[in-house]
Amino acid sequence: MSGGTGNALRAALLALAVGVGGCASALTSTPAKLYTLTPGAPVDPALPQVGWQLLVETPVAPAGLDTPRIAVARTPTSIDYFADVSWTDRAPNMVQGVLIESFEDSGKIVSVGRDTAALRSDFVLKTDLRDFQAEYTGPSAANPDRVRVRIAAKLVAMPRRTIEAGETFEATVPVQGGGFAPVVEAFDTALRQVMGQMVAWTLRKGAAVRPAGTS
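Everything numeric here is computed off the predicted structure, so don't read it as measured data. (Residues numbered from 1 in each chain as written. Predicted model: local features only at pLDDT ≥ 70, side-chain atom pairs only at ≥ 80, totals over all residues. Heavy atoms only, no water.)

Undergrad: Can you explain the overall build of the chain? Please cite residues and give values.
TA: The helix and strand tally for the chain stands at three helices and nine strands. Among the 215 residues that make up the chain, the fraction classed as buried is 43%. Across the chain, every contact between residues at least 6 apart in sequence was considered, and the portion connecting residues at least 24 apart equals 72%. About 11,300 Å² of surface is accessible on the chain, with carbon and sulfur atoms providing 56% of the total. (Helix = DSSP H or I, 4+ residues; strand = E, 2+ residues; numbered from the N terminus. Buried < 20%, exposed > 50% of the residue type's maximum accessible area, 1.4 Å probe, protein only. Contact = heavy atoms within 4.5 Å. Areas by Shrake-Rupley, 256 points an atom, 1.4 Å probe, with all protein chains shown as cover.)

Undergrad: Please provide a residue-by-residue account of the pattern of salt bridges, values included.
TA: Applying the stated criterion to the full structure yields eleven salt bridges. Among the ionic pairs, Arg130 bridges to Asp128, the shortest N-O distance being 3.4 Å. Judged by relative accessible area, which is 36%, Arg130 ranks as partly exposed. Take Asp128: its relative accessible area is 24%, and that puts it in the partly exposed class. Salt bridges linked by common partners bring Glu135, Arg146, Arg148 and Glu170 together as one network. (Salt bridge = Lys/Arg side-chain N within 4 Å of Asp/Glu carboxyl O.)

Undergrad: Describe the side chain of Gln96, listing the residues and the values that go with them.
TA: Among the secondary structure elements, Gln96 is positioned in helix H2 (residues 91-106). In this structure the side chain of Gln96 is engaged in a polar contact, spanning 3.4 Å, whose partner is the side chain of Asp115. Once residues lying within four places of it in the same chain are set aside, the contact partners of Gln96 are Val56, Glu57, Thr58, Pro59, Arg114 and Asp115. (Polar contact = N/O pair within 3.5 Å; in protein donor to acceptor, adjacent residues only side chain to side chain.)

Undergrad: Talk me through the packing of H2 against helix H3 (residues 181-209); I want residue IDs and the actual numbers.
TA: Packing of H2 against H3 brings their axes to within 10 Å, and their N-to-C directions diverge by 55 degrees. With respect to H3, the axis of H2 lies oblique. When the axes of H2 and H3 are compared, the crossing they make is right-handed. Contacts from Val95, Val98, Leu99, Ser102, Phe103 and Ser106 in H2 reach Leu191, Met195, Met198, Val199, Thr202 and Leu203 in H3. Class assignment of the residues belonging to the contact of H2 with H3 gives a composition of nine nonpolar, three polar and no charged. (Axes fitted to C-alpha atoms, helices over the stretch in contact; angles between N-to-C directions. Parallel < 35°, antiparallel > 145°, perpendicular 65-115°, else oblique. Left-handed = near helix turned anticlockwise from the far one by under 90°. Nonpolar A, V, L, I, M, F, W, Y, C, P; charged D, E, K, R; others polar.)

Below, the structure written as structure tokens:
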């Protein structure tokens, strides 16, 4: 066997071994546990019943939050992620879906959907996901102490594309107990609080701009 042929054969065998090893590693690795969150509908019967249509844009988010990984922060200037767990989708997509469900569950709006549906709308809700993480309140804490959710919103009237109202909504919920399950429960509670506030605010602001019976 010539030197060139031998080198080529050794390279092929090495590539095959690496490929087989990679497949075996993928087959034996433990998949991440997936989590999702639930919608929060307002219960105030005094909220207006509106006849207009709303599209909800995917929230803008910094790169550290624009991921399926579940964020945790030990300091205000650092971010990390929990191991072996993940959201069912990128955090902005999941929040968008939960917000749409929250509007639907309120029973107060004729039509609401994603902006990607390309449907005619009377308003567009633009949002900015600014905080969506578990946090340690002290450097010596063994577990995260709280979950913070903060979303800035702008209600845009169509087709003029004028910003009719803007507000920031925030909830901080303590983590009750050790382990990861209480962290998810705190995320769920915090997001439900923010969703309820956002739905109520949107309905009231939109009704003030476009009262019932107007087109």
